[in-house]
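This is what each chain is made of:
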Amino acid sequence: MKKLRHSSRLTLVLLFVLTSPVLALPQSPARSEAAARFFPAKDLMRVGVYYYPEHWPEGEWDRDFANIERLGFEFVHMGEFAWAFMEPEEGRFDFAWLDRAVELAARHHLKVILCTPTPTPPAWMAEKYPEIFLVGADGRRREHGSRGNNALADPAYLRFTERVVMQLASRYGKNPAVWGWQLDNEPGAPPDYGPSAQAAFRDWLRARYQTIDVLNREWGAAFWSLKYDDFDQVRAPNPTLLYGVSPHAVLDFRRFTADQTAKFLNWQAALLRRYTVPAQFITTNYISTTGSSDPRRSGDLDFISYTMYPVGGGRGLGEDGFRLGWPDGIAFANAFYKNIKGATGVMELQPGQVNWAYINPQPMPGVVRMWLWHAFAGGLSFACNYRYRQPLYGSELYHYGIVRTDGVTPSPGGLEYSQVAREMRELRAKYDPNARPPANYLARRTAILWNQENLWNIDYQKQTGLWDTWGHMFRYLEIAKSFGAPLDIISEGQDFSSYPVLVAPAYQLVDEELVRKWTSYVEQGGHLVLTCRTGQKRRNGQLWEAAWAAPIRPLIGAEVSFFDLLLEDGRGEVTMNGTAYQWNVWADVLKPNEGTESLAKYANQFYAGQTAVTYRRLGKGSVTYVGVQTKDGRLEKDVLREVYKRAGLTTEDYSQGVYVDWRDGFWVAVNYSSKPAEINPPKGAEILYGSQPLKPADVLVWR
Ligand code: GAL
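Fair warning: this is a prediction, and the values are worked out from it, not measured in the lab.

1. Description of the overall build of the protein
Move 1: In terms of helices and strands, the protein carries 20 helices and 23 strands.
Move 2: Relative to its length of 703 residues, the protein is compact, with a C-alpha radius of gyration of 26 Å against a globular reference of 27 Å.
Move 3: Taking the principal axes of the C-alpha coordinates as reference, the protein spans close to 75 × 75 × 45 Å.
Move 4: Surface summary for the protein: the accessible area is close to 27400 Å², and the carbon and sulfur share equals 51%.
Move 5: Measuring between centres, the 78 positive side-chain charges of the protein sit 5 Å from its 77 negative side-chain charges.

As structure tokens, this is what we get:
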């Protein structure tokens, strides 16, 4: 690829695009169908609140909605836990209260996101149909008294769900005040070991394997005489009760569990659509890094939203990190959720202190606003906070809202939300539909390939307690963002060719088709980075009857001889270009073929001198294999910088926790680090908000 300078102009871009072997580089990523249908580009990001009319005297609703409007919010979110109010007795529905709430909201120019109340079955249902609750890994059936504990395969629960969803759909499906729908709440209940789930799991297996012999083979059921004669003998594998249950069975059970959640949501969406007008969207709000479900499987929804609580007892970066919040959270969620359907929003974003962490600190003044701007920068169509009023009762007593316990005085985070709602309005006035992303920025578009199945498989058999699958991936996300790269988290089914750089971190489960796809991506000019653990196993979680990680050997041009793991205080050493780095978590020891470069080598242990990182050119692109995870990620960053450089891509050098993104003509910089950061907008830039240097918890916006 041609070398580009930071200041390259359009001519150079064209030259780049024309000469770049990766052909499909868009000038500006097209707006998806979901985005175009529900979210006019000129609206940028809408800001809203959660409101629970059922928690407050009706006499306060009008005042509350009036204040919500006055603070600048544009929508309210209601109903996800209100089943007992919607259906106070079996088969008797009462929506009069919700009618009034929706109407009042509309009178105050607030759009409404209505929810299906399926996480909270009423007491009457629990009493008469206890089978609606799931059975946990402890073998005990859940009971009334909480939320999100439902047996998604239980016929009674599904019958009641169908009825309440149809009631809602027929009543509000054409109501112009209703902007869209949220299904359930944070889907992804714990795995269900109850009878209805067991039966559904067996059906799922029958459909997948057809005959029990195939299941026995795919599960390696000869091991410990696990071998089944019939599908009816199969039980959901339960590692809480049993030692060493089959990893292949566990992987399938996790797939099944995620499919159950997705099926439940897709089915609810289909029910709603019998009545809803096309203008109303249907979404749900997954926990940003959900482990028990797979947001991509909810394909029938219009788009998928996420929930985000950046300050919840984590350390963050530096001294004030615990108040600034989780630096990877919003960056990941924006890149992942938007990519699923081309549009997304953050359905819940913390407005202040929360109640559920081990330690619940006050967020840093200003940081709520910063998170909102970070959400905006990631292309989100809306941001909603959890919640408008601080509760006076219930398990979330200490949870901040937009207003304090008196119901009217804005909290500090509430004022910051209000400020962003105002700033969005100001920004809309400056919106230019013809704005295009700068060429050098677009040229380093990077994708991370992510498949939830790798997470499930690795986490069941980590091989080292020091391993953190999410953390391993976040490390590469942070590197790409520190380079100032636009980032998407993509799936295998997608076209890789519009990304000059593709990183597949710890991609443990592969098949030959994926390896072929990677290979042709590289041959056509892509720059592929694979990291340790990649290619070890088949999709069923079994090892290859061949050399270790055999399918990727021709691609990476090296043999993975073995891997090593050190103790927590271990001091493994790697060197690259004379610089030393330390590792202790994971080391794939590599033997490069002729023609493959050895970028970094191990410097101690019994394999000192052997290779840790390889690089080779293939066709018009390159393949890098990073076999080691270092302690601080410096080696990985230095390797990737070299990869971008050799690919002719310019990179920035933002410090950790500083994110700079372009959206709709605006540059946004945010700072999660505990230190001020120099951002250096180009000369002549018009600064819209903020100043230099960028302080922690602050925002710099320019165009
Ligand atoms: C979310 C959940 C909300 C509320 C919130 C409190 O995970 O979806 O319903 O419980 O946490 O922070």
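2. Some words on the site of the ligand
Move 1: What surrounds the ligand is the set F81, R147, N185, E186, Y309, E348, W356, Y386, E396 and H399.
Move 2: The contact in question runs from an oxygen atom of the ligand to an N or O atom on the side chain of W356, over 2.7 Å.
Move 3: Between the ligand and H399, the relevant distance is 2.7 Å, taken from an oxygen atom to a side-chain nitrogen or oxygen of the residue.
Move 4: Computed on the free molecule, the ligand has an accessible area of 310 Å², of which 93% lies beneath the protein chains in the complex.
Move 5: Residues of the shell around the ligand, tallied by class, amount to 4 nonpolar, 2 polar and 4 charged.

3. Things to note about the pairing of strand β20 (residues 658-663)
Move 1: Of all the 6 residues making up β20, 6 are buried; the element is thus mostly covered by neighbouring parts of the structure.
Move 2: Residues V658, V660 and W662 of β20 are buried on one face, and the alternating residues Y659, D661 and R663, pointing to the opposite face, are buried as well.
Move 3: Linking β20 to strand β21 (residues 666-671), which pair antiparallel, is a turn of 2 residues; within it D664 sits at a positive phi near 45°.

4. Concerning empty space enclosed by the protein
Move 1: Under the definition given, this model contains 4 cavities of 30 Å³ or more.
Move 2: The calculated volume of the largest cavity comes to roughly 120 Å³.
Move 3: Lining the largest cavity are 14 residues, with L152, P190, D192, T257 and Q260 sitting closest to its centre.

5. As for the side chain of T469
Move 1: Inspection of the secondary structure puts T469 in helix α17 (residues 469-482).
Move 2: Take T469: its relative accessible area is 5%, and that puts it in the buried class.
Move 3: A distance of 2.6 Å separates the side chain of T469 from the side chain of D459, its partner in a polar contact.
Move 4: A distance of 3.0 Å separates polar atoms of two side chains, one belonging to T469 and the other to W467.

6. Here we look at the confidence of the model for the protein
Move 1: Per-residue confidence for the protein gives a mean pLDDT of 95, with 96% of residues at or over 70.
Move 2: Every residue in residues 1-23 is under pLDDT 50, and counting partners more than four places away or in other chains gives 43 contacts.

7. Describing the environment of S655
Move 1: In this fold, S655 is placed in the loop between α20 (634-646) and β20.
Move 2: Between the alpha carbons of S655 and K481 there is a distance of 9.4 Å; along the sequence they are 174 residues apart.

8. So, the packing of helix α10 (residues 247-273) against helix α16 (residues 452-460)
Move 1: Interaxial distance between α10 and α16 falls to 10 Å at its minimum, and their mutual angle equals 140°. In this view, α10 runs oblique relative to α16, as classed from their interaxial angle. The interaxial crossing formed by α10 with α16 has right-handed handedness. For the pair formed by α10 and α16, the contact residues are P247, V250, L251, R254, R255 and A258 on the first element and E453, W456, N457 and Y460 on the second.

9. Thoughts on the sheet that holds β20
Sheet strands pair by backbone hydrogen bonding; their relative direction is either parallel or antiparallel.
Move 1: The strand order across the open sheet built from 4 strands is β20-β21-β23-β22, with neighbouring strands paired in antiparallel fashion. Lying at the two open borders of the sheet, with one neighbouring strand each, are β20 and β22 (687-689). Direction aside, neighbouring strands of the sheet carry axes that sit 25° apart on average.
Move 2: As judged from the 2 bridges shared by β22 and strand β23 (residues 699-702), these two strands associate in the antiparallel manner. Residue pairing across strands places I687 opposite W702, the latter belonging to β23.

10. Comments concerning unusual backbone geometry
One can expect most non-glycine residues to show negative phi and most peptide bonds to be in trans.
Move 1: The residue after Y386, namely R387, is reached through a cis peptide bond having omega 15°.
Move 2: A positive phi angle, near 75°, is found at Q463, a position not held by glycine.
Move 3: Among the secondary structure elements, Q463 is positioned in the loop between α16 and α17.

11. Some remarks on the domain arrangement of the protein
Where the parts come together, the accessible area they lose is often given as the size of the interface.
Move 1: Segmentation of the protein into domains returns domain 1 (445-646) and domain 2 (664-702).
Move 2: Using only C-alpha atoms to locate each centre, domain 1 and domain 2 end up separated by 33 Å.

12. Some words on the pattern of salt bridges
Move 1: Enumeration according to the criterion identifies 45 salt bridges in this entry.
Move 2: Measuring nitrogen to oxygen at the nearest pair gives 3.3 Å for the salt bridge that ties E89 to R92.
Move 3: Here E89 falls in the partly exposed class, since its relative accessible area comes to 43%.
Move 4: You can call R92 partly exposed: its relative accessible area is 40%.
Move 5: The closest approach of N and O atoms between E597 and R646, which form a salt bridge, is 2.9 Å. One end of the pair, E597, is in strand β16 (residues 597-602); the other, R646, is in helix α20, with 49 residues separating them in the sequence.
Move 6: For R646, a relative accessible area of 24% corresponds to the partly exposed category.
Move 7: A cluster of three or more residues bridged by salt bridges with shared partners is formed by R208, D252, R255, D259, D294, R297 and E453.

How each quantity is defined
Residues numbered from 1 in each chain as written. Predicted model: local features only at pLDDT ≥ 70, side-chain atom pairs only at ≥ 80, totals over all residues. Heavy atoms only, no water. Helix = DSSP H or I, 4+ residues; strand = E, 2+ residues; numbered from the N terminus. Rg over C-alpha atoms; globule rule 2.2 N^0.38 Å. Areas by Shrake-Rupley, 256 points an atom, 1.4 Å probe, with all protein chains shown as cover. Lys, Arg positive; Asp, Glu negative; His and termini not counted. Charge placed at Lys NZ, Arg CZ, Asp CG, Glu CD. Near = heavy atom within 4 Å. Polar contact = N/O pair within 3.5 Å; in protein donor to acceptor, adjacent residues only side chain to side chain. Nonpolar A, V, L, I, M, F, W, Y, C, P; charged D, E, K, R; others polar. Buried < 20%, exposed > 50% of the residue type's maximum accessible area, 1.4 Å probe, protein only. Pairing = 2+ DSSP bridges. 1 Å grid on protein atoms, 1.4 Å probe; cavity = no way out; pocket = protein on both sides within 12 Å on 5 of 7 lines; lining within 4 Å. Points joined across faces, edges and corners; volume = space filled by probe spheres on them. pLDDT = per-residue confidence, 0-100. Contact = heavy atoms within 4.5 Å. Axes fitted to C-alpha atoms, helices over the stretch in contact; angles between N-to-C directions. Parallel < 35°, antiparallel > 145°, perpendicular 65-115°, else oblique. Left-handed = near helix turned anticlockwise from the far one by under 90°. Domains from an automatic or database assignment. Salt bridge = Lys/Arg side-chain N within 4 Å of Asp/Glu carboxyl O.

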